[in-house]
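Here are the chains, one letter per residue:
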Amino acid sequence: MSSSDLDALRERLGEIDGKLLELIKERNDTALAIGAIKQSIGKATRDFAQEASVIRRAVEKAKEVGLEANIAEALMVLLIRSSLSAQEQDRVAATDSGDGKKAL
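## Thoughts on the overall build of the protein chain
Along the protein chain, the regular secondary structure elements total three helices and zero strands. In sequence order, the protein chain lays out its α and β elements as α-α-α. Relative to the 2.2 N^0.38 estimate, which gives 13 Å for 104 residues, the radius of gyration of the protein chain is 18 Å and therefore markedly larger than a compact globule would have. Classification of the 104 residues of the protein chain by burial places 19% in the buried group.

## Here's the deal with a nonpolar patch on the surface
Residues Leu13, Ile16, Leu20, Leu21 and Ile24 make up a contiguous nonpolar surface patch of about 440 Å² in total accessible area. Mapped onto the fold, Leu21 is located in helix H1 (residues 3-40). For Leu21, a relative accessible area of 57% gives the class exposed.

## Section: the packing of helix H2 (residues 48-65) against helix H3 (residues 69-95)
Running from N to C, H2 and H3 point in directions that differ by 145°, and their axes come no closer than 8 Å. Of the two elements, H2 crosses H3, and the hand of that crossing is right-handed. Contact residues: H2 offers Glu51, Val54, Ile55, Ala58, Val59, Ala62 and Lys63, while H3 offers Ala69, Ala72, Glu73, Met76, Val77, Ile80 and Leu84.

## With respect to the pattern of salt bridges
Counted under the stated rule, the structure contains four salt bridges. For Asp29, the salt bridge identified is with Lys25, shortest N-O distance 2.7 Å. With Asp29 and Lys25 both in helix H1, this residue pair falls four residues apart, about one helical turn. In this structure, Arg46 and Glu51 form a salt bridge, with 2.6 Å as the shortest nitrogen-oxygen distance.

## Details of the environment of Ala62
Along the chain, Ala62 turns up in helix H2. Among residues more than four places away in sequence, those in contact with Ala62 are Leu67, Glu68, Ala69 and Ala72.

## Points about the packing of H1 against H3
Viewed as axis vectors pointing N to C, H1 and H3 meet at an angle of 45°, and their least axial separation amounts to 9 Å. When the interaxial angle is binned, H1 and H3 end up oblique. Crossing of H1 over H3 shows right-handed handedness. Along the contact surface, H1 presents Ile24, Arg27, Asn28, Ala31, Leu32, Ile34, Gly35, Lys38 and Gln39, while H3 presents Met76, Leu79, Ile80, Ser82, Ser83, Ala86, Gln87, Asp90, Arg91, Ala94 and Thr95. Taken together, the residues of the contact of H1 with H3 sort by class into nine nonpolar, seven polar and four charged.

## Some remarks on H1
With 38 residues, H1 extends 55 Å from end C-alpha to end C-alpha; this agrees with the ideal 56 Å at 1.5 Å per step. Phi for Gly42, located one or two positions after H1, is positive at around 80°.

## A look at the side chain of Gln87
Within the secondary structure layout, Gln87 lies in helix H3. By relative accessible area, Gln87 is classed as buried at 8%. Here the side chain of Gln87 touches Lys38 through a polar contact of 3.0 Å, side chain to side chain. Excluding its chain neighbours within four sequence positions, the residues that come into contact with Gln87 are Ala31, Leu32, Ile34, Gly35, Lys38 and Thr45.

Rules used throughout
- For every chain, the first residue of its written sequence is number 1, and the numbers climb from 1 along that sequence.
- Confidence filtering applies because this is a predicted model: local features only for residues at pLDDT of at least 70, side-chain atom pairs given and counted only at 80 or more, and all residues used for totals across whole chains, interfaces and linings.
- Note: side-chain values were computed over all heavy atoms of the structure, leaving out hydrogens and water.
- Segments assigned H or I by DSSP are reported as helices when at least four residues long, segments assigned E as strands when at least two residues long, and all are numbered from the N terminus.
- The size measure is the radius of gyration over C-alpha atoms, and the globule rule it meets is 2.2 Å times the number of residues to the 0.38 power.
- With a 1.4 Å probe rolled over the protein chains alone, any residue whose accessible area is under 20% of its type maximum counts as buried; one over 50% counts as exposed, and the rest are partly exposed.
- Only residues whose relative accessible area exceeds 30% and that form no salt bridge are eligible for patches; like-charged ones are grouped when within 9 Å, while nonpolar side chains (Val, Leu, Ile, Met, Phe, Trp, Tyr) are grouped when within 5 Å.
- Each accessible area value is a Shrake-Rupley result obtained with a 1.4 Å probe; residue values ignore everything except the protein chains displayed when judging cover.
- What counts as a salt bridge is simple: a side-chain nitrogen of Lys or Arg found within 4 Å of a carboxyl oxygen of Asp or Glu.
- Working convention: axes come from line fits to C-alpha atoms, limited for helices to the stretch in contact. Angles between N-to-C directions cover 0 to 180 degrees.
- Crossings are sorted by hand: turned counterclockwise from the far helix by less than a right angle, the near helix makes the crossing left-handed, and turned clockwise it makes it right-handed.
- In this description, contact between two residues means that some pair of their heavy atoms is separated by no more than 4.5 Å.
- Here the word oblique covers every angle except those under 35 degrees (roughly parallel), over 145 (roughly antiparallel) and from 65 to 115 (roughly perpendicular).
- Three classes are used: nonpolar for Ala, Val, Leu, Ile, Met, Phe, Trp, Tyr, Cys and Pro, charged for Asp, Glu, Lys and Arg, and polar for all others, with Gly counted as polar.
- A helix's residues, less one, multiplied by 1.5 Å, set its expected span.
- As used in this structure description, the phrase polar contact means that two N or O atoms lie within 3.5 Å; if the pair is within protein, one of them must be able to donate a hydrogen and the other to accept it, and residues adjacent in sequence are counted only when both atoms belong to side chains.

Rendered as structure tokens:
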């Protein structure tokens, strides 16, 4: 292995990171659309059963692809929190009200 191999691998890692960020943006946009639907039909922002299902699916997928389950779980918890925060901000902006408390 040489320093050029190291540079090439770091470049590849940067490309993967970029793709991950694009997918996270897509996920966030989808979560905002879900939040708008929940708001329009009168559903609460949080759905604990759905959150548990998302985490369970991620843990199963992680095991399937050879990734540690705790990494998948921690990542999904972070993404769910981000989604909920964005949905709640949209809800407050749409209704122009809020009680001053954090959603999470």
